[in-house]
There are 2 protein chains.
Amino acid sequence: MAETRERIFEAAKQLGWRPNSVARSLSLGRAYALGMLIPTFANPAYASMIAGAQRAAEDSGNVLLVTDTSDNEARMKVQIERLADRADGFVVASAALNSPTVALLQERGLPFVLLNRRSAGEHVSVVGDDEAGVHMSLEYLSLLGHRRIAYLAGPRGVDTVERRVGAFRDFVRSQGLPMPKDWVYRGSLAPDRLLAGLTRIMSAPADERPTAVVAVNLLTASQVLSGLRGLGIGVPEDVSVVGFDDWPLAEHLWRPLTTVRMPTEAMGEQAVRELLTVLEGQSSPRETRVEVPPELIIRESTAIPPVPALRSARRPR
Amino acid sequence: MAETRERIFEAAKQLGWRPNSVARSLSLGRAYALGMLIPTFANPAYASMIAGAQRAAEDSGNVLLVTDTSDNEARMKVQIERLADRADGFVVASAALNSPTVALLQERGLPFVLLNRRSAGEHVSVVGDDEAGVHMSLEYLSLLGHRRIAYLAGPRGVDTVERRVGAFRDFVRSQGLPMPKDWVYRGSLAPDRLLAGLTRIMSAPADERPTAVVAVNLLTASQVLSGLRGLGIGVPEDVSVVGFDDWPLAEHLWRPLTTVRMPTEAMGEQAVRELLTVLEGQSSPRETRVEVPPELIIRESTAIPPVPALRSARRPR
DNA sequence: TTGTAAGCGTTATCAA
DNA sequence: TTGATAACGCTTACAA
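Just so you know, these numbers come straight off a predicted model, no measurement behind them.

Draft legend 1. Seen up close, the pattern of salt bridges. All names here are of chain B. Within the structure shown, the criterion is met by 46 salt bridges over all chains. One salt bridge connects Asp88 with Arg30, and the closest N-O pair in it is separated by 3.4 Å. Of the two residues, Asp88 is situated in the loop between helix H4 (73-83) and strand E3 (89-92) and Arg30 in the loop between helix H2 (21-28) and strand E1 (33-38); the sequence distance between them amounts to 58 residues. Judged by relative accessible area, which is 25%, Arg30 ranks as partly exposed. Of the charged contacts in the structure, one is a salt bridge between Arg164 and Asp130, with a shortest N-O distance of 2.7 Å.

Draft legend 2. View of the protein's contact with DNA strand D. Close to DNA strand D lie Trp17, Arg18, Pro19, Asn20, Ala23, Arg24, Ser27 and Leu28 of chain A together with Leu26 and Ser27 of chain B. Atoms of DNA strand D within 4 Å of the protein belong to the sugar or the phosphate in 81% of instances, the rest to bases. Between DNA strand D and Arg18 of chain A, the relevant distance is 3.4 Å, taken from a phosphate oxygen to a main-chain nitrogen or oxygen of the residue. Ala23 of chain A has a polar backbone atom sitting 3.5 Å from a base nitrogen of DNA strand D. At the level of secondary structure, the elements contributing two or more residues to the surface near DNA strand D comprise helix H2 (21-28) of chain A together with H2 of chain B. By residue number, the principal contributor to the surface near DNA strand D is H2 of chain A, which donates four residues. Here the residues of the surface near DNA strand D sort into five nonpolar, three polar and two charged.

Draft legend 3. The interface of chain B and chain A, seen in detail. On the side of chain A, 51 residues touch chain B, which itself brings 51 residues to the contact. For the pair chain B and chain A, the summed buried surface comes to about 4300 Å²; carbon and sulfur atoms form 56% of the total. Seen at the junction of chain B and chain A, the total is six salt bridges. For the salt bridge of Arg75 of chain A with Glu58 of chain B, the shortest nitrogen-to-oxygen distance reads 3.1 Å. Joining chain B to chain A, the criterion identifies 26 residue pairs in polar contact (both at pLDDT 80 or more). Contributions of two or more residues to the side of chain B that touches chain A are made by H2, helix H3 (44-59), strand E2 (63-68), H4 and helix H9 (218-230) of chain B. Residues that form the side of chain B that touches chain A fall into these classes: 25 nonpolar, twelve polar and 14 charged.

Draft legend 4. Region of the structure containing the sheet that holds strand E6 (residues 149-152) of chain A. Residue and element names in this part refer to chain A. Pairing in this open sheet of six strands is mixed, and the strands run E7-E6-E8-E9-E10-E12 from one edge to the other. In this open sheet, the two edge strands, each paired with only one partner strand, are strand E7 (184-185) and strand E12 (295-297). Looking at chain direction, E6 and E7 are connected through two bridges and run parallel. Residue pairing for E7: Leu152 is matched across the bridge by Tyr185. The strands that helix H6 (residues 130-144) touches are E6, strand E8 (212-215), strand E9 (240-244), strand E10 (258-261) and E12; relative to E9, the one it contacts most, it runs at about 165 degrees. Against the sheet, helix H7 (residues 159-175) contacts E6, E7 and E9, and its axis sits at roughly 165 degrees relative to E6.

Draft legend 5. Here's a closer look at the relation of the copies chain B and chain A. Under the fitted operation, chain B is carried onto chain A by 0.0 Å of movement along the axis and a turn of 180 degrees, and the coordinates agree to an RMSD of 0.1 Å. Such a turn and shift between the copies fits a two-fold axis.

Draft legend 6. Looking closely at the packing of helix H4 (residues 73-83) of chain A against helix H5 (residues 100-107) of chain A. All names here are of chain A. Axis separation between H4 and H5 bottoms out at 9 Å; the angle between their running directions is 20 degrees. Overall, the two elements H4 and H5 adopt an arrangement that is roughly parallel. H5 is crossed by H4, and the crossing has right-handed handedness. Touching Glu73, Met76, Lys77, Ile80 and Glu81 of H4 are Pro100, Thr101, Leu104 and Leu105, all from H5.

Draft legend 7. Representation of the protein's contact with DNA strand C in the model. If you check the shell around DNA strand C, you find eleven residues, and the closest are Arg18, Asn20, Arg24, Ser27 and Leu28 of chain B. The contact in question runs from a phosphate oxygen of DNA strand C to an N or O atom on the backbone of Arg18 of chain B, over 3.2 Å. Listing elements by their share of the surface near DNA strand C, those giving two or more residues are H2 of chain A together with H2 of chain B. With four residues, the single largest contributor to the surface near DNA strand C is H2 of chain B.

Draft legend 8. Spatial organisation of the packing of H6 of chain A against H7 of chain A. Residues and elements named next belong to chain A. In the contact formed by H6 and H7, the axes pass within 8 Å of each other and the chain directions differ by 40 degrees. Taken together, the axes of H6 and H7 are oblique relative to one another. For the pair H6 and H7, the sense of crossing is right-handed. When H6 is examined against H7, the residues Asp130, Glu131, Val134, His135, Leu138, Glu139 and Ser142 are found in contact with a partner set consisting of Thr160, Arg163, Arg164, Ala167, Phe168, Phe171 and Gln175.

Draft legend 9. Expanded view of the nonpolar core. The biggest cluster of nonpolar side chains holds 102 residues, and the ones touching the most others in it are Met36, Leu115 and Leu228 of chain A together with Met36, Leu115 and Leu228 of chain B. Once residues lying within four places of it in the same chain are set aside, the contact partners of Leu228 of chain A are Leu198, Met202, Ile233, Val235, Val239 and Val241 of chain A. Formed by 38 residues, the second largest nonpolar core is a distinct cluster that contains Ile80, Phe90 and Ala95 of chain A together with Leu37 of chain B.

Draft legend 10. Region of interest: the domain arrangement of chain A. Residues and elements named next belong to chain A. Its domain assignment divides chain A into domain 1 (2-128 + 264-292) and domain 2 (130-262 + 296-314). Each of domain 1 and domain 2 was reduced to a C-alpha centroid, and the two centroids are 35 Å apart. Summing the contributions of domain 1 and of domain 2, the shared interface buries around 1000 Å²; its carbon and sulfur component is 54%. At the boundary of domain 1 with domain 2, the tally comes to two salt bridges. For Arg289, the salt bridge is made with Glu131, and the minimal N-O distance between the two is 2.9 Å. Where domain 1 touches domain 2, the interface holds seven residue pairs in polar contact (both at pLDDT 80 or more). Per-element tally for the side of domain 1 that touches domain 2: the top contributor is helix H3 (residues 44-59), with three residues. Among the residues making up the side of domain 1 that touches domain 2, the classes are represented as six nonpolar, three polar and three charged.

What counts and what doesn't
Residues numbered from 1 in each chain as written. Chains lettered and ligands numbered in written order. Predicted model: local features only at pLDDT ≥ 70, side-chain atom pairs only at ≥ 80, totals over all residues. Heavy atoms only, no water. Salt bridge = Lys/Arg side-chain N within 4 Å of Asp/Glu carboxyl O. Helix = DSSP H or I, 4+ residues; strand = E, 2+ residues; numbered from the N terminus. Buried < 20%, exposed > 50% of the residue type's maximum accessible area, 1.4 Å probe, protein only. Near = heavy atom within 4 Å. Polar contact = N/O pair within 3.5 Å; in protein donor to acceptor, adjacent residues only side chain to side chain. Nonpolar A, V, L, I, M, F, W, Y, C, P; charged D, E, K, R; others polar. Contact = heavy atoms within 4.5 Å. Buried area = accessible area lost by both parts, 1.4 Å probe. Pairing = 2+ DSSP bridges. Axes fitted to C-alpha atoms, helices over the stretch in contact; angles between N-to-C directions. Least-squares fit on C-alpha atoms with pLDDT ≥ 70 in both. Parallel < 35°, antiparallel > 145°, perpendicular 65-115°, else oblique. Left-handed = near helix turned anticlockwise from the far one by under 90°. Core = buried A, V, L, I, M, F, W, Y, C linked by side-chain atoms within 4.5 Å. Domains from an automatic or database assignment.

What follows is the structure, given as structure tokens:
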């Protein structure tokens, strides 16, 4: 009986015997391990997705095998090959919108769920409500009186980024805000390029340039802060800055950063739960939004727009 | 012959066949996987150790299985149990000075090398030159003219921390600098506790309190910056601040932080190389120092001490 | 209920 | 050189 089996297992364990998980995997055809592909450990947002995922994995008796892909498709391929038999499925947080990796997983029949970044085609994915996050930051700026708002997005091709810019554009349109072409920056996020872009946007006279800048992520936001500081533009008295993602250091930047905190930990957690149901064959392609809503963390990088700007905005043309 | 074997493997691969790595592990008794235990993904210093380790692992045909231990011994135990058969050895970056985990690894005969943090007893370990890092930051402060220097270390029990405080104490002694008892803070690094400690140290009159504060890591340093800002103490004009570890955000803090950059990536790399030699049975217990020296990144949080302090320091008593 | 054997996909050994 | 076979350590199905 099962109970006796348990007792024997326990007794054996006391004597120093432990079942060999490799042999177990081979016999069972199941590894009780889940792979997780992360663009980079360097981005703190992923650190907490991993933390959440790992907790969920451990709670369900699985181990989580995490790798850093550097957003490099060739590396991802190698890692998937090497982990294919050792893991029962994958949480993929580093998919590009058109990723050969996703194709590879599909053709090899490896179960997977996308996290944070979706990809073209049908598959199960778990994402946070980035649109709501952007929306709430814009609403807040709007409430403060800002009407001229720029968005620093970075290059095309990543789902999350597109969702965030999309939400920005929707808001701007629905509120009838001004939208000169270069107020949405789509260039490289490399420090010098970004600074050049920011400088261009800010080179207009004070009553024509944006009174608020929204950045696509935390690092970009902090570069913006430093950039404005270098340009001699005050934050928040001249320009307000809002970031995306949160992290202890965000509080200690040149100006403590107002930013959108995404439920990253819950996202990681839900991704593995979703993957587990896929492994049980219970799931069909669909997109899951994590229920936990984003949160706007208001600190000191935002304020009402400068008075001249207000005057100019109200002056009839 | 071996060559034919290769050709057949290649042909089979074309046809979609791939050797099953689990079966391979079982047969070979070797998994070609290495475990890595990290205190927390949230600390950016570890992110780059992982990056280095993963590169070295991949280059040698291994996969790196990384887990976040939360510095929790119980969790480490579970993770080691679950990875014991799936990995050939472990890189342990989250060992406490007296860690049951190390004992566990030893009694189960699992090969391992300690990274960054050493532990009591004999074992192979890879560390950076923390002492040199601290030393160079203190030399720099000294050169600027600082003589009253405080060190915020945090709780006892972690090897790296002890090495850093040790180096601080050595320097202070060798230079005959003043060293009131509470200038070395050994309390909790929780924000409120740390702030209380800092406030106490800074509550002395300006010409008696420290003119420079050195922090044990990046987060602590940024908390110190914010703390001083809150106290209305200027950085660097009233007090200089030096951190430990570097990260892109360090440049964007309230004051761009002068800090010691450790060769974290090289450390991770070397740890897996070291582990690989252990696995080949070539290694006896020893400590390896990573050759790459620390680097002092000078930014804007340090300057010459304030003039009144200089005057007071020079005034004969 | 208990014990035995087959199978998981490799590699390694030993005859042929 | 080739080909069959045991072994890795577990699970499960089937006979005793």
